[in-house]
Amino acid sequence: MMEKKLTRRQISALETKESIYKAAIDLINEKGFENVKIEDITLAANTAKGSFYSYFKSKKDLLYHTFDKFDKTYLNAYESVKGIFTFEERILTFIEKAYMQIDHIGKKIPWALYHNSMLDEDPLLLRND
């Protein structure tokens, strides 16, 4: 099956989404999730606030987009080690490749994902008494 070729507009939309995502990740890694406003993200991405909402419902939705990136990271790492003969070399290479890519995305992102998923939980379950 042939892959559909993207139009210039579609390519531009993907570039805008990636620009917003990259700006957000850089700011979150620098300041922490709670300290970044959508206005900060759009200013850093040099785009309108409405553009943010064209691609993401919220900052939290932006974090969920990271799951897709992690999935692609693991798939790419897996594909790159398929031809390695020994299990030990294969697993070590997989971990190294995956870790390098996740390090590039940002180490604070998984923490923000976990922390914000807890915000959806029942507050009584989060008490420390």
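Cut-off values and rules
Residues numbered from 1 in each chain as written. Predicted model: local features only at pLDDT ≥ 70, side-chain atom pairs only at ≥ 80, totals over all residues. Heavy atoms only, no water. Phe/Tyr/Trp six-rings, centres within 6.5 Å; stacked < 30°, edge-to-face > 60°. Helix = DSSP H or I, 4+ residues; strand = E, 2+ residues; numbered from the N terminus. Buried < 20%, exposed > 50% of the residue type's maximum accessible area, 1.4 Å probe, protein only. Lys NZ or Arg CZ within 6 Å of the ring centre and 35° of its normal.

Points about the packing of aromatic side chains
Okay, so step 1: This model, assessed by the stated rule, comprises three aromatic pairs.
Okay, so step 2: With a centroid separation of 5.3 Å and an interplanar angle of 80°, the aromatic rings of F52 and Y53 are classed as edge-to-face.
Okay, so step 3: Arranged with centres 6.2 Å apart and planes meeting at 25°, the rings of Y74 and F94 form a pair that is stacked. In this pair, Y74 sits in helix α4 (residues 59–81) while F94 sits in helix α5 (residues 87–105), placing the two residues 20 residues apart along the sequence.
Okay, so step 4: A relative accessible area of 37% places Y74 in the partly exposed class.
Okay, so step 5: For F94, a relative accessible area of 22% puts it in the partly exposed group.
Okay, so step 6: An aromatic cluster is built from F52, Y53 and F56, whose rings are joined through pairwise contacts.
Okay, so step 7: Positioned above the aromatic ring of F33, the side-chain terminus of K59 is 4.3 Å from the ring centre.

So, to be careful, I would describe these as geometric facts and stop short of saying anything about function.
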